[in-house]
Amino acid sequence: MGASCSSDQTSGSSGGIGDVPKLKIAVVGDRQVGKSCVVSRYMKNQFSPMYIPTKKPVIESSVRKINIPGHAVVALTVWDIPGQEDIDLYSTYFKNLDAAVVIVDINDSESIEMAPVWKRIVVNNTFETSPVVESSEGGKIETTTMEKKPVDPETFPVLLLGNKFDLVEEDGYKEKLRQMKASEKDESGAKTIWNITEEDKPECVRLMDKIKQKANFYGSVTASARDSDGTVAEGIQFLLRHVLQTKYGLNKWKPKETKKVKAKNKIEEYDGLDMTEIEIFDSIFKVAEISVKKVKMLTDYHNKCLGKLRESCTNAGILGEDDAASLEDCMIALRRNVGEQAKLKVKKDDDFCKLDVTSKDPDFKPERYIRILLKIYQNEFAVVCKAILKECPAMISKLKDQDAELSTLCQSSWEEVELSNGIPRPKDEVNKISDIIVQNRARMQHTKLESAKLIDKVEDYKKKIKAAFLW
Ligand SMILES: Nc1nc2c(ncn2[C@@H]2O[C@H](COP(=O)(O)OP(=O)(O)OP(=O)(O)O)[C@@H](O)[C@H]2O)c(=O)[nH]1
Ligand SMILES: [Mg+2]
């Protein structure tokens, strides 16, 4: 679990991890409604059926990606507040809070009725601090004090989260809800989840709606911390998106646009071979140049894809930030986090490996962040590995043939270098051409070695991926 409650997590974009905004949220509600389980599901994708009452606030921190249009990376701190806590302590916990989640047990109407009380506790005890510099008489001495400003109870974002939805019995309703979620396209996310007729809704959901309106919650969602169906993440991300949009400005932390350059143009970005201006040599160099550029591109692209996979696993919170994570670590982390009702398996795909999610539940869908990580693996990393295995052996063999051809030309047709239209070339020009030929052959030889290294690397990845799935 997290650090003790003595640390002071302030919000704001300064400090911390570069330009990443720091968000602090608190999770409150009656005892046993599942606050700790919701936090655990969101931060670690874990669930325990055992009830261990939380005795003092537990602080969990991680760096997360939030899906505002584009992505925002945030350093998130979640305060899990015990259901039974001394009310005087709340103002200490809620200093510089950005948002809160009131959790209720959706199967327990008394706990739902308590939600407005919890919201009031949050807004009455949350305040923002900012430094104020005061000058003494004559302006010689300056002192800095912290000014406390209460938050606006009307606009402070508090989400109502109805937990233990897995225990709701109206199966027809659940099925409808699931279908709706599957077809949902609206960016506003959770708001549209309950966009079905009043009669369709079970009693507890109607009560949640009523409380949400009455107590002016920012939103209300149903979720299950027990199931890894993404409902907890959806609800919390819905709230965090709102904070990022209102407090920090939409898209401010959108990552730099990576220009999509067609592969054909991209290869032009790499240095080619120098040309001799002698046709019989240049015709070979022009073809060899394609391999030289391509191997460089594959080397670069494969490094980028592996780096992105590692970084994304860390950002998603499934790998520790300090880990010098290997590909194996990423695979193990993905396997562990795919969801309790599912298994991640490795299968043969062309000459490389693909990852397959299998579950007994036909409706199972991994959480969104796992789906994104699997996509990065499948559509980027595995694609470049397959390209290496497919293209590098052929390039090695072509480069070998081309070098043999050049070697023959150097012996049999050297007069093409020494004479231009039957007239001897100046000596320094001949030397220059000779240098270009030597350099180009050296670069072609180097490309052959690099291709062989790339193949070895990918073969090694295959072994590592399989090893990560052995036990
Ligand atoms: N079926 C089901 N059980 C859940 C769910 N979430 C939590 N529980 C169970 O509810 C019990 C209480 O969960 P906790 O997360 O410890 O509750 P809490 O709100 O943190 O309780 P306090 O720390 O005492 O305030 C545990 O036995 C959990 O396993 C859920 O979504 N579905
Ligand atoms: Mg708890």
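If you look the protein chain up in an unreviewed UniProt entry, it shows as Protein lin-28 from Mytilus galloprovincialis.

Draft legend 1. Fine view of the overall build of the protein chain. Scanning the protein chain from terminus to terminus reveals 13 helices and 12 strands. Going through the 471 residues of the protein chain one by one, you find that 35% of them count as buried. In the protein chain, 72% of the contacts between residues at least 6 apart in sequence involve partners at least 24 apart.

Draft legend 2. Fine view of the site of ligand 1. If you check the shell around ligand 1, you find 22 residues, and the closest are Gly34, Ser36, Thr54, Gly83 and Arg226. Ranked by residues supplied to the shell around ligand 1, first place goes to helix α1 (residues 35-44) with three residues. By residue class, the composition of the shell around ligand 1 is nine nonpolar, eight polar and five charged.

Draft legend 3. Structural detail: unusual backbone geometry. The phi torsion at lysine 164 lies on the positive side, around 65°, for a residue other than glycine. Phi angles above zero are rare outside glycine, and asparagine 216 is one such case at about 55°. Looking at where asparagine 216 falls in the secondary structure, it is placed in the loop between α6 (203-214) and β8 (219-222). Taking the C-beta count within 10 Å as the criterion, asparagine 216 has 14 such neighbours and is therefore assigned partly exposed.

Draft legend 4. Structural view of the environment of valine 417. With respect to the secondary-structure elements, valine 417 resides in helix α12 (residues 415-418). A tally of 20 C-beta atoms within 10 Å means that valine 417 is categorised as buried.

Draft legend 5. Spatial organisation of the nonpolar core. Judged by nonpolar contacts, the single largest core of 102 residues is most densely connected at Ala26, Val27, Ala100, Val101 and Val102. Looking at this core, the element that brings in the most residues is helix α11 (residues 368-412), giving 12 residues. Summarising the domain contributions, this core has at least three residues from each of domain 1 (12-247) and domain 2 (259-468). Not counting chain neighbours up to four residues away, the residues in contact with alanine 26 comprise Trp79, Ile81, Tyr93, Phe94, Leu97, Ala100 and Val122.

Draft legend 6. Representation of the pairing of β8 in the model. On β8, burial covers both faces: Gly219 and Val221 on one face and Ser220 and Thr222 on the other are all buried. As paired strands, strand β7 (residues 158-163) and β8 are joined by four bridges and run parallel to one another. Bridge pairing links glycine 162 to threonine 222 in β8.

Draft legend 7. Structural context of the confidence of the model for the protein chain. Taken over all residues, the pLDDT of the protein chain has a mean of 83, while the share at 70 or more is 80%. Within the protein chain, helix α8 (residues 263-266) has the poorest average pLDDT of any element, 56, and strand β4 (residues 99-105) the best, 97. Confidence drops under a pLDDT of 50 for residues 183-195, and excluding neighbours within four residues, the segment shows 16 contacts in the predicted structure. Across residues 251-263 the pLDDT falls below 50, and counting only partners more than four positions away or on other chains, this stretch makes 10 contacts in the model.

Draft legend 8. Structural detail: the sheet that holds β4. A sheet is described by the order of its strands in space; here six strands give the open sequence β2-β3-β1-β4-β7-β8, paired in mixed fashion. The two strands at the open ends of the sheet, each matched to only one other strand, are β2 (58-66) and β8. In this sheet, neighbouring strand axes are inclined to one another by 25° on average, regardless of whether the strands run parallel or antiparallel.

Draft legend 9. A look at helix α4 (residues 115-125). Those residues of α4 lying buried are Ala115, Trp118, Lys119, Val122, Val123 and Asn125. Buried residues in α4 make contact with β1 (22-29), α2 (90-93), β4, α3 (109-113), β7 and α6.

Draft legend 10. Representation of the pairing of strand β3 (residues 72-80) within the structure. Most of β3 is tucked away, with eight of its nine residues classed as buried. In terms of strand pairing, β2 meets β3 through nine bridges, oriented antiparallel. Note that in β3 the partner of isoleucine 59 across the bridge is tryptophan 79.

About the cut-offs
- Residues numbered from 1 in each chain as written.
- Chains lettered and ligands numbered in written order.
- Predicted model: local features only at pLDDT ≥ 70, side-chain atom pairs only at ≥ 80, totals over all residues.
- Helix = DSSP H or I, 4+ residues; strand = E, 2+ residues; numbered from the N terminus.
- Buried ≥ 20, exposed ≤ 12 C-beta atoms within 10 Å, placed from the backbone.
- Contact = placed C-beta atoms within 7 Å.
- Near = placed C-beta within 6 Å.
- Nonpolar A, V, L, I, M, F, W, Y, C, P; charged D, E, K, R; others polar.
- Core = buried A, V, L, I, M, F, W, Y, C linked by C-beta atoms within 7 Å.
- Domains from an automatic or database assignment.
- Pairing = 2+ DSSP bridges.
- pLDDT = per-residue confidence, 0-100.
- Axes fitted to C-alpha atoms, helices over the stretch in contact; angles between N-to-C directions.

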